[in-house]
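# Examination of the molecular architecture
Residues per chain, in single letters:
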Amino acid sequence: MAITRIGVIGAGTMGNGITQTFARHGFQVTMVDTSPQALENGLAAIRASLAKLEKKALLSPADTALTLSNIATAGSLAALAGCELVVEAATENATIKESIFRELARLLPAEAILASNTSSISLTRIAAWVERPERVVGMHFMNPVPLMPLVEIIRALQTDDATHQQVHALAVELGKTPVTVKDGPGFVSNRILMPMINEAVFALYENLASAEDIDTVMKLGMNHPIGPLALADLIGLDTCLAIMNILHDEFRDSKYRACPLLAQMVAAGRLGRKSGKGFYSY
Ligand code: NAD
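For clarity, every value in this text was computed on a predicted model and none was experimentally measured.

If you check the shell around the ligand, you find 22 residues, and the closest are Met14, Asp33, Glu92, Lys97 and Ser119. Glu92 is positioned such that a nitrogen or oxygen atom in its side chain is 2.5 Å from an oxygen atom of the ligand. Contacts to the ligand include Ser119, whose side-chain N or O atom sits 2.5 Å from an oxygen atom. For the ligand, the accessible surface in isolation is 830 Å², of which the surrounding protein chains cover 75%. Broken down by secondary-structure element, the contributors of at least two residues to the shell around the ligand are helix H1 (13–24), helix H4 (94–107) and strand S6 (136–141). Partitioning the shell around the ligand into residue classes produces eight nonpolar, eleven polar and three charged.

What follows is the structure, encoded as structure tokens:
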């Protein structure tokens with residue numbers, strides 16, 4: 001089945017970036033969010049991002065106009081009935097995602113592909129919620145979506161080859177570099193990134209060095225563009241803690257235990273950039 005009509009669920013950070021990226025590459029995209037305010041903010045974020053790209057001469061005014069003309073918005077999943085692919089990027093909550101996937105399975109043609117952008121929920125578990133689990137796959141875009149080249153494609157235990165090949169080809173069409181991984185806690189990206197961030201928090205907790213010095217070691221010594229503690233602030237410390245807890249619960253291995261300081265920071269409301277204070281002040 002040719003893919004031309006895409007549904008994106010969620011107009012937040014990831015949903016609006018995914019919408020913009022598909023629309024920029026000529027797909028007809030319907031972005032759905034239950035919150036009218038989120039839809040409005042999502043569209044505003046897309047316009048601001050396109051304007052920035054235009055200013056840097058990475059887009060022409062005609063590209064911007066075409067991209068915007070490819071985007072529709074809706075307040076309910078019913079608007080997605082004709083889509084060949086849906087990418088779910090709603091809030092990271094299994095109960096919310098389960099009700100979305102069950103409804104999508106009822107609404108969409110049997111051969112439609114159901115993808116999730118989840119960063120931590122098992123794709124195998126998600127696939128088990130629907131009648132045709134072989135059409136479920138992970139498309140894990142990175143933030144900010146229009147700029148980051150990677151799409152981590154996650155194959156659930158049930159994902160069939162045709163589904164995998166279609167989303168792989170699609171990621172290439174979007175100008176991205178897809179990397180396919182098997183379903184497993186944290187996939188590859190967060191399996192490696194989060195324990196590194198957690199170890200940096202332990203280094204701070206044990207007073208081995210200041211936050212600035214820990215980040216400098218990783219930037220100047222390991223050639224990382226951003227230090228792990230600054231990156232944790234960017235991602236959100238609550239998100240980092242939630243992912244560490246998933247790794248710990250699913251592997252039942254103490255090497256994934258979250259640093260007590262990370263849990264304390266979250267309890268104190270120091271969530272990083274979004275709350276104005278984390279390992280650094282903003
Ligand atoms: P967000 O909070 O910015 O946006 C989520 C949106 O989903 C909100 O606008 C909310 O109104 C909407 N929503 C909630 N329930 C809905 C429903 N039933 N139907 C339609 N819309 C609904 O979250 P985000 O950061 O964009 O994350 C979205 C997904 O992407 C999550 O699964 C997250 O794990 C994943 N992800 C996030 C990042 C990141 O850096 N933020 C990176 C990769 C993957």
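Structure shown, so let's carry the discussion forward.
Here we come to the domain arrangement of the protein chain. By the assigned domains, the protein chain splits into domain 1 (5–182) and domain 2 (191–267). Computed from C-alpha coordinates alone, the two centres of domain 1 and domain 2 are separated by 28 Å.

Where helix H11 (residues 260–267) is concerned, the buried positions are Leu261, Leu262 and Met265. One side of H11 holds all its buried residues, which, seen down the axis, span an arc of 105 degrees. The inward-facing, buried residues of H11 abut helix H7 (189–205) and helix H10 (237–251).

Moving on, we get to the packing of aromatic side chains. Applying the stated criterion across every chain yields a total of four aromatic pairs. With a centroid separation of 6.3 Å and an interplanar angle of 70 degrees, the aromatic rings of Phe22 and Phe141 are classed as edge-to-face. Residue Phe22 is found in helix H1, and its partner Phe141 is found in strand S6; the two are separated by 119 residues along the sequence. Summarising the burial analysis for this pair, Phe22 and Phe141 share the class buried. Here the aromatic residues Phe22, Phe27 and Phe141 are joined through ring pairs into a cluster of three or more.

Evaluation of the coordinates by the stated rule reveals seven salt bridges. As a salt-bridge pair, Glu88 and Lys97 come within 2.5 Å of each other at their nearest N and O atoms. Assigned by exposure class, Glu88 and Lys97 land together as buried. A salt bridge links Arg155 to Asp161, with the shortest nitrogen-to-oxygen separation between them at 2.8 Å. Here the residues in one salt-bridge network are Glu88, Glu92 and Lys97, joined through shared partners.

We now examine unusual backbone geometry. Residue Asn143 is joined to Pro144 through a cis peptide bond whose omega torsion reads -5 degrees. Counting through the fold element by element, Pro144 comes out in the loop between S6 and strand S7 (150–155). Residue Ala57 is not a glycine yet carries a positive backbone phi of 65 degrees. Note on placement: Ala57 falls in the loop between helix H2 (36–55) and helix H3 (61–69). Judged by relative accessible area, Ala57 falls into the exposed class, the value being 65%. The phi angle at Asn207 is positive, at roughly 55 degrees, despite the residue not being glycine. Assignment of secondary structure puts Asn207 in the loop between H7 and helix H8 (211–222).

Conventions adopted
Residues numbered from 1 in each chain as written. Predicted model: local features only at pLDDT ≥ 70, side-chain atom pairs only at ≥ 80, totals over all residues. Heavy atoms only, no water. Near = heavy atom within 4 Å. Polar contact = N/O pair within 3.5 Å; in protein donor to acceptor, adjacent residues only side chain to side chain. Areas by Shrake-Rupley, 256 points an atom, 1.4 Å probe, with all protein chains shown as cover. Helix = DSSP H or I, 4+ residues; strand = E, 2+ residues; numbered from the N terminus. Nonpolar A, V, L, I, M, F, W, Y, C, P; charged D, E, K, R; others polar. Domains from an automatic or database assignment. Buried < 20%, exposed > 50% of the residue type's maximum accessible area, 1.4 Å probe, protein only. Arc of directions from axis to C-beta. Contact = heavy atoms within 4.5 Å. Phe/Tyr/Trp six-rings, centres within 6.5 Å; stacked < 30°, edge-to-face > 60°. Salt bridge = Lys/Arg side-chain N within 4 Å of Asp/Glu carboxyl O.

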